[in-house]
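Below are the chains, spelled out letter by letter.
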Amino acid sequence: EAQVTQNPRYLITVTGKKLTVTCSQNMNHEYMSWYRQDPGLGLRQIYYSMNVEVTDKGDVPEGYKVSRKEKRNFPLILESPSPNQTSLYFCASGRDYEQYFGPGTRLTVT
Amino acid sequence: DAKTTQPPSMDCAEGRAANLPCNHSTISGNEYVYWYRQIHSQGPQYIIHGLKNNETNEMASLIITEDRKSSTLILPHATLRDTAVYYCIVKDFGNEKLTFGTGTRLTIIP
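Residues numbered from 1 in each chain as written. Chains lettered and ligands numbered in written order. Predicted model: local features only at pLDDT ≥ 70, side-chain atom pairs only at ≥ 80, totals over all residues. Heavy atoms only, no water.

Here's the deal with unusual backbone geometry
Residues and elements named next belong to chain A.
(1) Moving on: The peptide bond linking Asn 7 to Pro 8 adopts the cis configuration, its omega dihedral lying at -5°.
(2) Moving on: Its location among the elements puts Pro 8 in the loop between β1 (4–7) and β2 (10–13).
(3) Moving on: Of note in this structure, Asn 28 is not a glycine but carries a positive phi near 60°.
(4) Moving on: Mapped onto the elements of the fold, Asn 28 is located in the loop between β3 (19–25) and β4 (31–38).
(5) Moving on: Located in the positive-phi region is Glu 53, a residue other than glycine, with phi close to 65°. (Helix = DSSP H or I, 4+ residues; strand = E, 2+ residues; numbered from the N terminus.)

With respect to the state of the cysteines
What is meant by a disulfide is a covalent connection between two cysteines, made through their sulfur atoms.
Residues and elements named next belong to chain B.
(1) Moving on: Enumeration according to the criterion identifies two disulfides over all chains in this entry.
(2) Moving on: Covalent S-S linkage joins Cys 22 and Cys 88, the inter-sulfur distance amounting to 2.1 Å. On the sign convention where negative means left-handed, the S-S torsion of about -80° between Cys 22 and Cys 88 marks this disulfide as left-handed. Of this pair, Cys 22 sits in strand β2 (residues 18–23) while Cys 88 sits in strand β8 (residues 84–92), and the two are 66 residues apart along the sequence.
(3) Moving on: On the accessibility criterion, Cys 22 (1% relative accessible area) is buried.
(4) Moving on: Given a relative accessible area of 2%, Cys 88 falls into the buried group.
(5) Moving on: Cys 22 provides the cysteine sulfur closest to Cys 12, a residue in no disulfide bond, and the two sulfurs are 18 Å apart.
(6) Moving on: What makes Cys 12 buried here is its relative accessible area of 9%. (Disulfide = S-S within 2.5 Å. Buried < 20%, exposed > 50% of the residue type's maximum accessible area, 1.4 Å probe, protein only.)

Section: the sheet that holds strand β1 (residues 9–13) of chain B
Residue and element names in this part refer to chain B.
(1) Moving on: Read from one edge of the open sheet, five strands run β1-β9-β8-β3-β4, paired in mixed fashion. The two strands at the open ends of the sheet, each matched to only one other strand, are β1 and β4 (45–50). When strand polarity is set aside, the average angle formed by the axes of neighbouring strands in this sheet is 25°.
(2) Moving on: Alignment of strand β3 (residues 31–38) against β4, held across five bridges, turns out to be antiparallel. Of the residues in β4, the one forming a bridge with Tyr 36 is Tyr 46. (Pairing = 2+ DSSP bridges. Axes fitted to C-alpha atoms, helices over the stretch in contact; angles between N-to-C directions.)

Description of the interface of chain A and chain B
(1) Moving on: Every contact between the two is made by 17 residues of chain A and, on the other side, 16 residues of chain B.
(2) Moving on: Of the roughly 1,500 Å² buried where chain A meets chain B, counting both sides, 55% is carbon and sulfur surface.
(3) Moving on: At the junction of chain A and chain B, the tally comes to one salt bridge.
(4) Moving on: Between Asp59(A) and Lys97(B) there is a salt bridge, with its nearest N and O atoms 2.7 Å apart.
(5) Moving on: The interface formed by chain A and chain B includes five residue pairs in polar contact (both at pLDDT 80 or more).
(6) Moving on: Elements with a minimum of two residues in the side of chain A that touches chain B: β4, β5 (42–51), β9 (87–95) and β10 (98–101) of chain A. (Contact = heavy atoms within 4.5 Å. Buried area = accessible area lost by both parts, 1.4 Å probe. Salt bridge = Lys/Arg side-chain N within 4 Å of Asp/Glu carboxyl O. Polar contact = N/O pair within 3.5 Å; in protein donor to acceptor, adjacent residues only side chain to side chain.)

And the structure:
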């Protein structure tokens with residue numbers, strides 16, 4: 001089954017404690033991206049990757065890092081999380097006209 | 001990418017056709033119209049896309065006006081499971097980035 005998986009699905013952490021949200025796709029897509037969704041602000045792109053070792057900033061990259069060492073994986077790294085990064089995060093992969101989104105990771109930073 | 005305008009909310013009776021409008025008056029010649037939906041807090045799901053001809057797939061139909069300044073997504077026989085936020089997006093076919101607006105919250109009434 002074609003899918004995008006994210007882990008963890010829910011995470012509560014404290015300010016400053018480094019964390020990684022993993023994202024994996026099994027469709028051999030070159031393009032992958034991360035979005036965050038906040039009430040009233042909608043979905044905003046954080047980072048994207050056009051291929052292995054090729055990443056670039058989206059609209060709201062501050063406070064985040066990503067890496068793309070393999071085609072299937074695109075982890076999102078928060079090296080020093082802050083409360084304003086409390087959000088619902090989605091990973092996506094795609095090709096041509098269709099993008100597939102993961103189930104989301106709900107992150108709370110206290 | 002051109003911007004889109006959608007009504008914030010709509011209701012539709014179960015079993016009836018749901019017609020969701022979208023205005024994109026500044027669309028350029030190489031930009032396509034895409035529709036995605038998001039059910040509750042799940043990841044967005046691709047529905048359909050088109051350039052200038054009407055399109056139909058197993059989920060929906062897309063009607064694009066001749067001047068391409070507006071379009072309508074049609075769900076022919078709405079069910080309760082179609083309750084979701086529907087996003088109309090215009091972008092170049094080769095540009096993978098999706099820019100989400102606020103969408104239309106469609107509620108299917110039993």
